Amino acid sequence: DIFKNLSEHIISISKHAMKISLATPFLYQNPTTGSPSTTTLTCTQLCRLLCGPTTSFLNPSTRILGYDSISQSYDSDGWKEASTVDVLREACNSWYYESAAATTTTTTTTA
């Protein structure tokens, strides 16, 4: 039955897919040394470091690894570039705001 197979496939994916919130901890790979970090950073901290107004040693191509502190396991997807994580990619995007009263468009980067 196609529905049974689809349900089993969805259940299989959901068992392995890591849910990401702003509190999700990540290890990062030091871009200079290639070594993994010894401590984790939350998604919120990564947003500030990756997308903040100041230059950081981390950038959107920095490789990160999610960690599930409840099950004490790492993301089954393994190491990936920070820009591939939806919330980090969106935080680093340039956002354009336009006011009805203003005649110019302002570019604002948020983190």
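Residues numbered from 1 in each chain as written. Predicted model: local features only at pLDDT ≥ 70, side-chain atom pairs only at ≥ 80, totals over all residues. Heavy atoms only, no water.

Caption draft 1: Broad picture of the side chain of D75. Position of D75 among the secondary structure elements: in the loop between β4 (73-74) and β5 (80-81). Residues within four places of D75 in sequence aside, it is in contact with M18, L65, G66 and K80. (Helix = DSSP H or I, 4+ residues; strand = E, 2+ residues; numbered from the N terminus. Contact = heavy atoms within 4.5 Å.)

Caption draft 2: Layout of the nonpolar core. Of all hydrophobic cores here, the largest spans 14 residues; its most connected members are L46, L50, L58, I64 and L88. Put simply, the parts of the chain that give this core at least two residues each are β1 (25-28), α2 (43-51) and α3 (86-92). By residue number, the principal contributor to this core is α2, which donates five residues. Apart from residues no more than four positions distant in its own chain, L46 is found in contact with F26, L41, C51, L58, I64 and L88. (Core = buried A, V, L, I, M, F, W, Y, C linked by side-chain atoms within 4.5 Å. Buried < 20%, exposed > 50% of the residue type's maximum accessible area, 1.4 Å probe, protein only.)

Caption draft 3: Region of the structure containing the environment of S21. Relative to the assigned elements, S21 resides in the loop between α1 (2-16) and β1. A relative accessible area of 40% means that S21 is categorised as partly exposed. Along the sequence, S21 and T44 sit 23 residues apart, while their C-alpha atoms lie 8.7 Å from each other.

By themselves these figures say nothing about function.
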